[in-house]
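An overview of the molecular structure
The lines below spell out each chain.
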Amino acid sequence: MKSPETTPAVEEPASGAVTTFDTFDRFAATVPPAPPQPGQAPRSLEERLAYHSQFVTVRTPAIENLSRSVRTLMILGRHQHVTARPSLIVTGPATTGKTTALLEVGRTCHLAHTRRAHPGDDSVPVAYVLVPPGATAKTLACEFARFLGIPVTTRMTTAQITTAVCHTYTAAGVKLVLIDEIHRLNPRTSSGAEAADWLEDLTERVGATFVYAGIDVTASAVFTGVRGAQLAGRASLIDCGALPARAGEREPFRELIAALEAALDLHAHRTGSLPRLASYLHERTAGRIGSLSRLIRQAAIEALLDGSERITKTLLDGISLDHLAEEHYRPRTPTRRTRPGSR
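What you see is a predicted model; the values in this text were computed from it and never measured.

Bringing the overall build of the protein chain into the picture now. In terms of helices and strands, the protein chain carries 13 helices and seven strands. When burial is assessed residue by residue, the protein chain has 47% of its 343 residues classed as buried. In the protein chain, of all internal contacts separated by at least 6 residues, the share reaching a separation of at least 24 is 74%. Surface exposure of the protein chain reaches about 17600 Å², of which carbon and sulfur atoms provide 53%.

Attention now moves to the side chain of Thr19. In this structure, Thr19 sits in the loop between strand 1 (5–8) and helix 1 (21–29). Looking at Thr19, its side chain comes within polar contact range of the side chain of Arg146, at 2.9 Å. Ignoring sequence-local partners within four residues, the contact set of Thr19 consists of Tyr128, Leu130, Arg146 and Phe147.

Next up on the list: unusual backbone geometry. At Thr95, a position not held by glycine, the phi torsion is positive, near 60 degrees. By secondary structure assignment, the location of Thr95 is in the loop between strand 3 (87–92) and helix 4 (98–116). At Ala286, a residue that is not glycine, the phi angle is positive and equals roughly 60 degrees. Looking at where Ala286 falls in the secondary structure, it is placed in the loop between helix 10 (278–285) and helix 11 (289–305).

Turning next to the packing of aromatic side chains. Per the stated rule, a full pass over the model turns up six aromatic pairs. Grouping aromatic residues by their ring pairs yields a cluster made of Phe24, Phe27 and Phe147. Geometry around Tyr280 places Lys313 over its ring, the cationic atom sitting 4.4 Å from the centre.

The complete set of buried residues in helix 5 (residues 137–147) reads Ala137, Leu140, Ala141, Glu143, Phe144, Ala145 and Phe147. Among the structural elements, helix 1, strand 4 (126–130), helix 6 (158–172), strand 5 (176–180) and helix 7 (190–205) are those in contact with the buried residues of helix 5. Of the residues flanking the end of helix 5, it is Gly149, one or two places downstream, whose phi is positive at about 65 degrees.

A word on the nonpolar core. Generally speaking, soluble globular proteins have nonpolar side chains that are buried together. Ranked by internal contacts, the top residues of the largest apolar core, which has 62 residues, are Phe144, Tyr169 and Leu199. With six residues, the single largest contributor to this core is helix 5. Non-local contacts of Leu199, meaning those with residues more than four positions away in its chain, are made with Leu140, Phe144, Ile179, Ile182, Leu185 and Tyr212. Of all hydrophobic cores here, the second largest spans 32 residues; its members include Ala259, Leu274, Ile296 and Leu315.

Of all six residues in strand 3, six are buried, a share of seventy percent or more. Across the two faces of strand 3 the burial is the same, with Ser87, Ile89 and Thr91 and Leu88, Val90 and Gly92 all buried. Of the strand pairs in this sheet, strand 3 and strand 7 (residues 235–239) are connected by five bridges, and their pairing is parallel. Each residue of the ladder has a partner; that of Val90, found in strand 7, is Ile238. Here strand 3 runs beside strand 6 (residues 209–215); their pairing, made up of five bridges, is parallel. Pairing of Gly92 across the sheet is with Ile215, part of strand 6.

Moving on, we get to the environment of Pro244. Counting through the fold element by element, Pro244 comes out in the loop between strand 7 and helix 9 (252–262). It is 9.2 Å that separates the C-alpha atoms of Pro244 and Arg288, two residues lying 44 residues apart in sequence.

Turning to the sheet that holds strand 5, a few remarks are in order. The strand order across the open sheet formed by five strands is 4-5-6-3-7, and the pairing between neighbours is parallel. Bordering the open sheet on either side are strand 4 and strand 7, each of which pairs with just one other strand. The mean angle between the axes of side-by-side strands here comes to 20 degrees, regardless of whether they run parallel or antiparallel. Here helix 4 sits on the sheet in contact with strand 3, strand 4, strand 5 and strand 6, set at roughly 160 degrees to strand 5. Of the strands in this sheet, strand 3, strand 6 and strand 7 touch helix 8 (residues 225–234), which is tilted by about 75 degrees from strand 7.

Below, the discussion takes up the packing of helix 5 against helix 7. Where helix 5 contacts helix 7, the two axes come as close as 8 Å, and the packing angle between them is 40 degrees. Overall, the two elements helix 5 and helix 7 adopt an arrangement that is oblique. Residues Ala137, Leu140, Ala141 and Phe144 of helix 5 form the contact with helix 7, whose participating residues are Ser191, Glu194, Ala195, Trp198, Leu199 and Leu202. Of the residues assigned to the contact of helix 5 with helix 7, the class counts are eight nonpolar, one polar and one charged.

This part covers the confidence of the model for the protein chain. For the protein chain, the mean per-residue pLDDT works out to 86, and 87% of the residues sit at or above 70. Counting contacts from residues 337–343, a segment whose pLDDT is below 50, to residues more than four positions away or on other chains yields zero contacts.

Another aspect to go through is helix 6. Its 15 residues give helix 6 an end-to-end C-alpha distance of 21 Å, which sits within 8% of 21 Å, the value for a rise of 1.5 Å per residue. Residues of helix 6 that are buried include every one of Ile161, Thr162, Val165, Cys166, Tyr169 and Ala172, and no others. Viewed end-on, helix 6 has its buried residues packed into an arc of 145 degrees, placing them on one side of the element. Away from its buried face by more than 90 degrees, helix 6 exposes Ala159, His167, Thr170 and Ala171. Buried residues along helix 6 sit in contact with strand 4, helix 5 and helix 7. Immediately beyond the C-terminal end of helix 6, within one or two residues, lies Gly173, with a positive phi of roughly 75 degrees.

Procedures and definitions
- Residues numbered from 1 in each chain as written.
- Predicted model: local features only at pLDDT ≥ 70, side-chain atom pairs only at ≥ 80, totals over all residues.
- Heavy atoms only, no water.
- Helix = DSSP H or I, 4+ residues; strand = E, 2+ residues; numbered from the N terminus.
- Buried < 20%, exposed > 50% of the residue type's maximum accessible area, 1.4 Å probe, protein only.
- Contact = heavy atoms within 4.5 Å.
- Areas by Shrake-Rupley, 256 points an atom, 1.4 Å probe, with all protein chains shown as cover.
- Polar contact = N/O pair within 3.5 Å; in protein donor to acceptor, adjacent residues only side chain to side chain.
- Phe/Tyr/Trp six-rings, centres within 6.5 Å; stacked < 30°, edge-to-face > 60°.
- Lys NZ or Arg CZ within 6 Å of the ring centre and 35° of its normal.
- Core = buried A, V, L, I, M, F, W, Y, C linked by side-chain atoms within 4.5 Å.
- Pairing = 2+ DSSP bridges.
- Axes fitted to C-alpha atoms, helices over the stretch in contact; angles between N-to-C directions.
- Parallel < 35°, antiparallel > 145°, perpendicular 65-115°, else oblique.
- Nonpolar A, V, L, I, M, F, W, Y, C, P; charged D, E, K, R; others polar.
- pLDDT = per-residue confidence, 0-100.
- Expected span 1.5 Å × (residues − 1).
- Arc of directions from axis to C-beta.

Laid out in structure tokens, this is it:
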């Protein structure tokens, strides 16, 4: 198997960052900074700081699997009109790249459509929606309306908003609907059950392929009860979990580190020094892609600011990561040891 390829980074977005068509269109069309190329003139310090703050993301097996599956299901559902099309769920722990994978696939689909579009084509190939906290049928419907700028007033009923959403999404030619933070949906509550029913109704009325992403979806309330069984019966799972240190004869985490190291723009960094720290980095980040990317990016920025221009274990160990990673590596409450003779 080939080593992972790198593509422009996709940051986990803040709520609302790309949840309108205009912002998603700008996100998809923006060409991010590229890694340094042979023969390229040296970039300034400010340019390199900006580059490492965005950096690259690695096309992991999960992203490749999702891209391939989405393409297949969109073709499979193209002429299916009677029942809801088969869907996909991207699941895994926090900071393992679920949103990155979702947006990378959305960007690819959006740009493919843009390249093929004829002049005057104003169709919308992709919609991206965040499930709001404590989602109800009406708040979820409003999020779908907001993406395409559908006017909604406080006096409108859920049924009226739904009719407007279904009509507009169909007229706009939406072919791929990406729904993030699906674990926020709780069918165990009355309002959550209504939201789940609303979403199921939408999948049957809008001729698009639906892809969901959320934290540990199979262990959440989303897969419980009759409604969960209906979703599980239609959706395939893409596991976006932490990368293992070793998988058979391969070392996927070391391959990921090497791909990220190759994209660094540091004048004194020694190639191969980070892969040699693979065991330490895996323990430090628990194999989570998001934590690893943040650690290397922060280290690169500190190496630029202090003038060392290289990443060392000492530098890495002095960086505070996200709380999830820090609690894994150096928990604040150590395991208590039993003193001899005590019970």
